[in-house]
Amino acid sequence: MKADVLLGLQWGDEGKGKVVDVLTPKYDIIARFQGGPNAGHTLEFEGIKHVLHTIPSGIFRSNKQNVVGNGVVIDPIIFKKEIDALQVHQVDVHAALKLSRKAHLILPTHRMLDAASEQAKGTKKIGSTLKGIGPTYMDKTGRNGLRIGDTENDNFKTLYEQLRNKHYEMLKKMEFDTSELPKMEKEWFNGIDFIKTIQLIDSEHYINNSLNAGQRVLAEGAQGSMLDIDFGSYPYVTSSNTICAGSCTGLGVPPSKIGDVFGIFKAYCTRVGSGPFPTELFNDTGKEIAKIGNEFGATTGRPRRCGWLDIPALKYAVMLNGVTHLIMTKADVLSGFKEIQVCTHYKYRGEVIDFFPYDIQNFGAEPIFKKFKGWGEDLRTLKSYEDFPESFKIYVSFLEKELGVPITMISTGPDRKDTLVRDEAILN
Ligand code: GDP
Ligand code: IMO
Ligand code: MG
């Protein structure tokens, strides 16, 4: 079998958690491949809303395995809290969850270094979630990191102290207040003790053996393609490869074993944190979208910046990921707007272009919009695509033509039931 991949095509928060939950019945294994607790993946069903940070969004479906891959970074404090919240809902995490020994650990001092780095950047701050993501991946690529597998070594505490002390010196130089550290360390080691009770695996072997045995695997991405460390609007990005290639390095799946790629996008755009956002709306329409779409970060609670859909950016993401199926979410949010706009081109350095260029931070990218007639109907109540308003269908057909990939699923609300499948094949 080949592993399918599901990922966000914009700046994150496209609704990945919801869609993974909808698709999980078809799979045996759901595996996160990058990012960490900077992610907030929301699922809603039976009137309850759940937000997952490190744990794959297949965890609520019975008889599925959920794997946290080697590409993920784990904060034991947040991880334990997340699991405590799941146990209230009778989720048997000890049976349904496996952690890669090669996943890196976020130390309390990584979080402090994240905050210190943001402070030092002043107005140029990234707007990081302050979960320690950047510093942890820096230690990974700098070959200093601690991994989940290290917790099985007798000298783990010494390894921890060596890295902590190194960070401590750095924090001292940055004049960062470390008085909270002893308290955080106590909680962190409690988290480590808890992690030792979870199944630790060599996930690259597990995933490949499972594929060879005919099991079906869905790789779940975090963040979005426009936050990718290589291809996003650097430096206003996260510190991992969020694109499809990240699922190969983050799980050990060879490129020849990647199957379908589900690219998720909102019917408009949002971004949280700093960085360029060509279609951002600073007017009442932007505020209205934020209000109707309830656009507040699932991890930090920060308001999300809102704007119209950006085709050059989406085309770029479709290209980088080799998307085979598009999934549109939050289509319901646009109901009631008289007019809907879509950016088709940018004015960039005096020219009109239709692709995502190198440096929109310094040179700017002025959006050129195409206008569409809106629709008034509440999409949530509609059961068949035929019943959807004509102006909505025109919007969808336009996007399919521009992006060259079919939109096979449309999400019309946060609940797993609010989902319209246009091509039943994606469920089988
Ligand atoms: P993720 O990070 O990609 O998993 O997305 P988030 O969970 O951070 O943000 C998506 C938000 O939109 C969550 O609050 C979801 O419950 C909600 N959501 C997902 N799909 C839809 C949809 O089709 N319509 C509406 N109105 N809300 C949705
Ligand atoms: P999910 O998986 C939206 C943003 C932060 C910041 C930048 C860097 O829920 O879609 P970091 O903490 O990674 O160093 O922050 O990336 N960011 C996200 N934005 N959704 C996310 O995850 C994000 N994870 C990080 O706001 O701009
Ligand atoms: Mg999110």
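Residues numbered from 1 in each chain as written. Chains lettered and ligands numbered in written order. Predicted model: local features only at pLDDT ≥ 70, side-chain atom pairs only at ≥ 80, totals over all residues. Heavy atoms only, no water.

### So, the overall build of the protein chain
Thought 1: If you tally the helices and strands in the protein chain, you get 13 helices and 20 strands.
Thought 2: Radius of gyration (C-alpha) of the protein chain: 21 Å, near the 22 Å computed for a compact globule of 428 residues.
Thought 3: Expressed as lengths along the three principal axes of its C-alpha atoms, the size of the protein chain is roughly 65 × 50 × 40 Å.
Thought 4: In the protein chain, buried positions account for 59% of the 428 residues. (Helix = DSSP H or I, 4+ residues; strand = E, 2+ residues; numbered from the N terminus. Rg over C-alpha atoms; globule rule 2.2 N^0.38 Å. Buried < 20%, exposed > 50% of the residue type's maximum accessible area, 1.4 Å probe, protein only.)

### A few points about the site of ligand 1
Thought 1: Residues in close proximity to ligand 1 total 20 residues, the closest being G15, K16, T42, D332 and S411.
Thought 2: Within the side chain of D13, a nitrogen or oxygen atom sits 2.9 Å from an oxygen atom of ligand 1.
Thought 3: Between ligand 1 and the protein, one listed contact pairs a nitrogen atom with a side-chain N or O atom of D332 at 2.8 Å.
Thought 4: Compared with its free state, where it exposes 580 Å², ligand 1 has 94% of that area covered by protein.
Thought 5: Among the secondary structure elements, those contributing two or more residues to the shell around ligand 1 are α1 (16–23) and β3 (41–45).
Thought 6: Its residues placed into classes, the shell around ligand 1 shows three nonpolar, nine polar and eight charged. (Near = heavy atom within 4 Å. Polar contact = N/O pair within 3.5 Å; in protein donor to acceptor, adjacent residues only side chain to side chain. Areas by Shrake-Rupley, 256 points an atom, 1.4 Å probe, with all protein chains shown as cover. Nonpolar A, V, L, I, M, F, W, Y, C, P; charged D, E, K, R; others polar.)

### Remarks on the nonpolar core
Thought 1: The biggest cluster of nonpolar side chains holds 57 residues, and the ones touching the most others in it are M328, L334, F392, Y395 and L399.
Thought 2: With six residues, the single largest contributor to this core is helix α13 (residues 390–403).
Thought 3: Not counting the four nearest positions on each side in its chain, Y395 is found in contact with A267, L309, M328, L334, I340, V342, F372 and W375.
Thought 4: In this structure, L52, I148, W188 and L200 belong to the second largest nonpolar core, which totals 33 residues. (Core = buried A, V, L, I, M, F, W, Y, C linked by side-chain atoms within 4.5 Å. Contact = heavy atoms within 4.5 Å.)

### Remarks on unusual backbone geometry
With the exception of glycine, most residues fall at negative phi, and the peptide bonds are largely trans.
Thought 1: Residue P235 is reached from Y234 by a cis peptide bond, and omega for that bond is 5 degrees.
Thought 2: Along the chain, P235 falls in the loop between β10 (217–220) and α9 (245–251).
Thought 3: Phi angles above zero are rare outside glycine, and N63 is one such case at about 60 degrees.
Thought 4: Mapped onto the fold, N63 is located in the loop between β4 (48–52) and β5 (65–68).
Thought 5: Residue N63 is classed as exposed on the basis of its relative accessible area of 77%.
Thought 6: Its identity is not glycine, yet E175 carries a phi of approximately 55 degrees, on the positive side.
Thought 7: Mapped onto the secondary structure, E175 falls in the loop between α6 (156–173) and α7 (181–195).
Thought 8: Accessibility expressed as a relative area gives 73% for E175, which makes it exposed.

### Describing the environment of T141
Thought 1: Among the secondary structure elements, T141 is positioned in helix α5 (residues 133–141).
Thought 2: A polar contact is formed between the side chain of T141 and the backbone oxygen of M138, at a distance of 3.3 Å.

### Side note on the coordination of the magnesium ion (ligand 3)
Thought 1: Donor atoms from the polypeptide that bind the magnesium ion (ligand 3) are D13 (OD) and G40 (O), placed at 2.1 to 2.2 Å. Placement of the pair is D13 in the loop between β1 (3–8) and α1 and G40 in the loop between β2 (29–32) and β3, with a sequence separation of 27 residues.
Thought 2: Here G40 falls in the buried class, since its relative accessible area comes to 12%. (Donors = N, O, S within 2.8 Å, 3.2 Å for Na, K, Ca; no water.)

### Some thoughts on the site of ligand 2
Thought 1: Not every one of the 21 residues close to ligand 2 is listed here, only the nearest: D13, K16, H41, T129 and T238.
Thought 2: Residue G40 places a main-chain N or O atom 2.9 Å away from an oxygen atom belonging to ligand 2.
Thought 3: Of the residues contributing to the shell around ligand 2, the split by class is eight nonpolar, ten polar and three charged.

### Focus on the pairing of strand β11 (residues 258–266)
Thought 1: Most of β11 is tucked away, with seven of its nine residues classed as buried.
Thought 2: Pairing of β1 with β11 involves five bridges; the strand directions are parallel. Paired with A3 across the strands is I258, a residue of β11.
Thought 3: Inspection of the sheet shows β11 paired to strand β15 (residues 325–329) by five bridges, in the parallel sense. The residue of β15 that forms the bridge with F265 is M328. (Pairing = 2+ DSSP bridges.)

### Concerning the packing of aromatic side chains
Thought 1: Scanning the model with the defined rule gives 18 aromatic pairs in all.
Thought 2: An angle of 80 degrees between the planes, with centres 5.1 Å apart, marks the rings of W188 and F189 as edge-to-face. By the burial criterion, W188 is buried, and F189 matches it.
Thought 3: Seen in terms of ring centroids, W375 and Y395 are 6.0 Å apart; in terms of plane orientation they differ by 45 degrees. Their pairing is tilted. Residue W375 is found in the loop between β18 (366–373) and α13, and its partner Y395 is found in helix α13; the two are separated by 20 residues along the sequence. Each member of the pair, W375 as well as Y395, is classed as buried.
Thought 4: Aromatic rings pair up to connect F372, W375, Y385, F388, F392, Y395 and F398 into one cluster.
Thought 5: Here the basic side chain of K370 rests over the ring of F372, its NZ or CZ set 5.4 Å away from the ring centre.
Thought 6: We note K393 situated over the ring of Y385; from NZ or CZ to the ring centre the distance is 5.7 Å. (Phe/Tyr/Trp six-rings, centres within 6.5 Å; stacked < 30°, edge-to-face > 60°. Lys NZ or Arg CZ within 6 Å of the ring centre and 35° of its normal.)

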